[in-house]
Amino acid sequence: MSTTIQATQLDLTFQTNDGPVHALKDVNLEISKGDFVSFIGPSGCGKTTFLRCIAGLETPTGGDITVNGMTPDEARRARAYGYVFQAAGLYPWRTIGGNIKLPLEIMGFSKSEQAERVKRVLELVDLAGFEKKFPWQLSGGMQQRASIARALAFDADILLMDEPFGALDEIVRDHLNEQLLQLWARTEKTIGFVTHSIPEAVYLSTKIVVMSPRPGRITDVIDSPLPKDRPLDIRDSKEFIEIAHRVRDGLRAGHVDD
Amino acid sequence: MKSVLPILSVIAAILLFWVLSVIPMNMHLTADQAQRDGLVVSPETPAERQTYSGLGLVLKNPGLISLTYTLERPRLPSPHQVGVEMWDTIFAKKITSRRSLVYHGWVTLSATLLGFAIGTSLGILLAVGIVYNRAMDMSVMPWAIASQTIPILALAPMIIVMLGSIGIQGLFPKAVISAYLSFFPVVVGMVKGLRSPDEMQLDLLRTYHASPTQGFWKLRLPASVPYLFASLKIGISASLVGAIVAELPTGARAGFGARMLVGDQYGQPIVTWAALFAAAITAAALVGLFSAIERLTLRRMGMQAA
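Residues numbered from 1 in each chain as written. Chains lettered and ligands numbered in written order. Predicted model: local features only at pLDDT ≥ 70, side-chain atom pairs only at ≥ 80, totals over all residues.

Asker: Would you mind showing me how to read the overall build of chain B here?
Answerer: Within chain B one finds twelve helices and zero strands. Moving toward the C terminus, one meets the helices and strands of chain B in the order α-α-α-α-α-α-α-α-α-α-α-α. Relative to the 2.2 N^0.38 estimate, which gives 19 Å for 306 residues, the radius of gyration of chain B is 25 Å and therefore markedly larger than a compact globule would have. Over its C-alpha atoms, taken along the principal directions, chain B stretches across nearly 90 × 55 × 40 Å. Looking at the 306 residues of chain B, the share that counts as buried comes to 34%. The long-range share in chain B, meaning contacts at least 24 apart out of those at least 6 apart in sequence, stands at 74%. (Helix = DSSP H or I, 4+ residues; strand = E, 2+ residues; numbered from the N terminus. Rg over C-alpha atoms; globule rule 2.2 N^0.38 Å. Buried ≥ 20, exposed ≤ 12 C-beta atoms within 10 Å, placed from the backbone. Contact = placed C-beta atoms within 7 Å.)

Asker: Mind showing me how you'd approach the overall build of chain A here?
Answerer: Of the regular secondary structure elements, chain A holds eight helices and nine strands. Compactness check: chain A gives a C-alpha radius of gyration of 18 Å against a globular reference of 18 Å for 258 residues, within 12% of the reference. Its C-alpha atoms put chain A at 55 × 40 × 40 Å along the principal axes. Here chain A, with 258 residues, has 44% of them falling under the buried criterion. A separation of at least 24 residues holds for 69% of the contacts in chain A among residues at least 6 apart in sequence.

Asker: What is the right way to read the pairing of strand β7 (residues 190-195) of chain A from this model?
Answerer: In regular strands, side chains alternate between the two faces of the sheet. Residues and elements named next belong to chain A. Taking burial as the measure, the six residues of β7 include six buried ones, the bulk of the element. Residues of β7 alternate between two faces, with T190, G192 and V194 on one and I191, F193 and T195 on the opposite face, all of them buried. Alignment of strand β3 (residues 36-40) against β7, held across five bridges, turns out to be parallel. Note that in β7 the partner of V37 across the bridge is G192. In this sheet, β7 lies alongside strand β6 (residues 158-162) in parallel orientation, the contact comprising five bridges. By the bridge assignment for β7, L159 is matched with I191. In this view, the connection linking β6 to its parallel neighbour β7 by way of helix α6 (residues 170-187) has right-handed handedness. (Pairing = 2+ DSSP bridges. Right-handed = clockwise from strand over helix to strand, strands pointing away.)

Asker: For this particular structure, what's the right way to read the domain arrangement of chain B?
Answerer: By convention, interface size is frequently given as the accessible area that disappears when the constituent parts associate. Taken domain by domain, chain B consists of domain 1 (4-76) and domain 2 (101-300). On a C-alpha basis, the centres of domain 1 of chain B and domain 2 of chain B stand 41 Å from each other. (Domains from an automatic or database assignment.)

Asker: Could you clarify how one ought to interpret the interface of chain B and chain A in this entry?
Answerer: Each partner contributes residues to the interface: chain B has 15 residues there, and chain A has 17 residues. Every element with two or more residues in the side of chain B that touches chain A is listed here: α9 (199-207) and α10 (212-247) of chain B. With six residues, α9(B) is the largest single contributor of residues to the side of chain B that touches chain A. Residue composition of the side of chain B that touches chain A, grouped by class: seven nonpolar, five polar and three charged. (Nonpolar A, V, L, I, M, F, W, Y, C, P; charged D, E, K, R; others polar.)

Asker: How should I be thinking about the packing of helix α5 (residues 101-132) of chain B against helix α6 (residues 134-149) of chain B in this particular structure?
Answerer: Axis angle and axis distance: for two packed helices, these are the angle between their axes and the distance between the axes, and together they describe the pair. Residue and element names in this part refer to chain B. In the contact formed by α5 and α6, the axes pass within 6 Å of each other and the chain directions differ by 135°. On the basis of the axis angle, α5 is oblique to α6. Viewed along their axes, α5 and α6 form a crossing whose handedness is left-handed. Counted together, L126, G129 and I130 of α5 and M136, D137, V140 and M141 of α6 form the full contact between these two elements. Among the residues forming the contact of α5 with α6, the class breakdown is five nonpolar, one polar and one charged. (Axes fitted to C-alpha atoms, helices over the stretch in contact; angles between N-to-C directions. Parallel < 35°, antiparallel > 145°, perpendicular 65-115°, else oblique. Left-handed = near helix turned anticlockwise from the far one by under 90°.)

Asker: Any chance you could explain the environment of B:V84 here in plain terms?
Answerer: Residue and element names in this part refer to chain B. Within the secondary structure, V84 sits in helix α4 (residues 79-92). Since 15 C-beta atoms lie within 10 Å of it, V84 is described here as partly exposed. Taking the C-alpha atoms as reference, V84 lies 40 Å from M162; in sequence the two are 78 residues apart.

Asker: How should the pairing of β6(A) be read in this particular structure?
Answerer: Residues and elements named next belong to chain A. Counting buried residues in β6 gives five out of five residues, a clear majority hidden from the surface. Judged by which residues are buried, β6 turns out to be covered on both faces: I158, L160 and D162 on one side and L159 and M161 on the other are all buried. The sheet contact formed by strand β5 (residues 81-84) and β6 spans four bridges and is parallel. Each residue of the ladder has a partner; that of V84, found in β6, is M161.

Asker: Explain the sheet that holds strand β4 (residues 62-67) of chain A to me, please; I cannot follow it from the model alone.
Answerer: Sheets are built from strands that pair by backbone hydrogen bonding, the pairs being arranged parallel or antiparallel. All names here are of chain A. What the three strands build is an open sheet, ordered β2-β1-β4; its pairing is antiparallel. Looking along the sheet, the strands with just one partner apiece sit at the ends: β2 (19-32) and β4. When the angles between neighbouring strand axes are averaged without regard to direction, this sheet yields 20°.

Asker: In this structure, what is going on with the confidence of the model for chain A? I would like to understand it.
Answerer: Across chain A, the average pLDDT comes to 89, with 98% of residues at 70 or higher. Element-level pLDDT for chain A is lowest in α6(A), with a mean of 87, against a maximum mean of 95 in helix α3 (residues 96-106) of chain A. (pLDDT = per-residue confidence, 0-100.)

Asker: For this particular structure, what's the right way to read the nonpolar core?
Answerer: Considering soluble globular proteins, one finds that nonpolar side chains tend to be buried as a cluster. With 74 residues, the main nonpolar core has A:I54, A:Y81, A:Y83, A:V121, A:A146, A:A149 and A:L160 as its most contacted residues. With six residues, helix α5 (residues 140-152) of chain A is the largest single contributor of residues to this core. Leave out the neighbours within four places in its chain, and A:A149 touches A:I100, A:V121, A:L122, A:L124, A:V125 and A:L127. Counting 48 residues, the second largest nonpolar core, distinct from the first, contains B:L126, B:L181, B:M190 and B:F229. (Core = buried A, V, L, I, M, F, W, Y, C linked by C-beta atoms within 7 Å.)

Asker: Honestly, unusual backbone geometry in this entry has me stumped. Any pointers?
Answerer: If a residue is not glycine, its phi is most likely negative; likewise, a peptide bond is most likely trans. Backbone torsion omega between A:R214 and A:P215 reads -10°, so that peptide bond is classified as cis. For A:P215, the location among the structural elements is in the loop between β8 (207-212) and β9 (217-223). Following B:S42, the chain continues into B:P43 via a peptide bond in cis, with omega recorded as -10°. Tracing the chain through its elements places B:P43 in the loop between α1 (4-36) and α2 (46-50). Even without a glycine there, the phi angle at A:R79 is positive, about 55°.

Asker: What is the right way to look at the sheet that holds β5(A) in this model?
Answerer: All names here are of chain A. Spatially, the six strands line up as an open sheet ordered β5-β6-β7-β3-β8-β9, and their pairing is mixed. Across the chains shown, the open sheet's two edge strands, defined by having one partner strand only, are β5 and β9. Averaged over all pairs of adjacent strands, the angle between their axes in this sheet comes to 15°, without regard to strand direction. Bridging between β3 and β8 involves four bridges; their strand directions are parallel. Looking at β8, one finds that V37 is bridged to K207. The sheet strands contacting helix α1 (residues 47-54) are β3, β6, β7 and β8, and the helix crosses β7 at an angle near 150°.

Below, the structure written as structure tokens:
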């Protein structure tokens, strides 16, 4: 399998008013095409910062990172990824369809192409028929699905998701996790997924990256032995519980110095 | 429509206060007039009456109360006198007449609207400059604030005279003063509105590699619309005040300001009050119009009006 994202000895220090903050230290990671990679760790461990480095939204202060063989900034300019933020961030003055068209308008797709893509991605996230609705008419979970559709609309091979379901309740979250796996299976995208939740990370990922804070670094990388096809009740299986244990141990190890 | 009852109650309270105030306010003038008409007034000389307060005189001459409402040149006109004058000058006079308030209203309104258009455009342009240009961000706002601390009553005659000396007269100088008052709320509101998108929404556009122009038209401008309307409603009433103030110091021959001045100079308070009320109603109508446009626009944009 080909490498999509490669980070070598990545370092990032923020200069703040309270002095420098070492957000990422010596991060080495290789993500292959089609991987579903979760980044898990306590707040301040640099998981979001690392995702933003991949997206070219932050510039590392040391080390190397490539996305599709390019620098992250080149990849951003080439529109190599779709990014889903913690909040849906839909424009309240645009309909759901209008929101999904936003990146398509910016990237200069033709009107007919836009309409066709909106229809396709709405079906993909199970929101067919909601095109003409305004965001406030949808529930939080539906809004987040619409924002995923918006990130999928321009067919980037990489999908970066920063705690996309963090603000949703557990039942909605389970449902969206299931849908996300189906979507990943159908689109064969490479997904980078930041989360706080151990079950979410284990359920979704082919690769789990455990991180710890001060300075933000990787403490464990777990390649999941779970099959690609995962019903929700796989979470009661022995393998699932074993991986969850290992993740928890990794998180605890990172906390020793606290 | 739930607000009708409270509004009516407040209006009724104000009217009651007004009607009651008329009696002591006009009592001295009424007593003088009654004496000239041969009625018995106590005390008997105007000089003695001056030692009494309005209320004191009312208590001495309760029989004169009804006459306080019918003076031709009262100190405080009664509501019905103002009402009759307004009816007379708005509906009964031909609108081409020099005494028609509709004619005067149109003179002021045209200056108001022109000034408002200039002020709003200037305000939006300045706000865009402030948001996109660091030098303007650092420099423009203090001047905009300083401009509003100068009493417009002092500035208006200077502007009128200076523009007059270079041959610009009539509508435009008044519009300049309207613009001067109305650009400020638009600048303040639009700067806040254009800056209202949060970091996340700006980051989203960066992930699309959107150009700054696209960011302006697709994100910042639509996000600023609710702020713009809040500013427009303040700006339009400020514009009207500006146009009236511009008519006051220069002896303008037409406009609400001219009518107020005429009433003042020729001792016809009823004329002044009628012009004042007509101006207030015009302002309320303009603000109401913008509220309606706001509701319509925001509903069409999928956002509920604030």
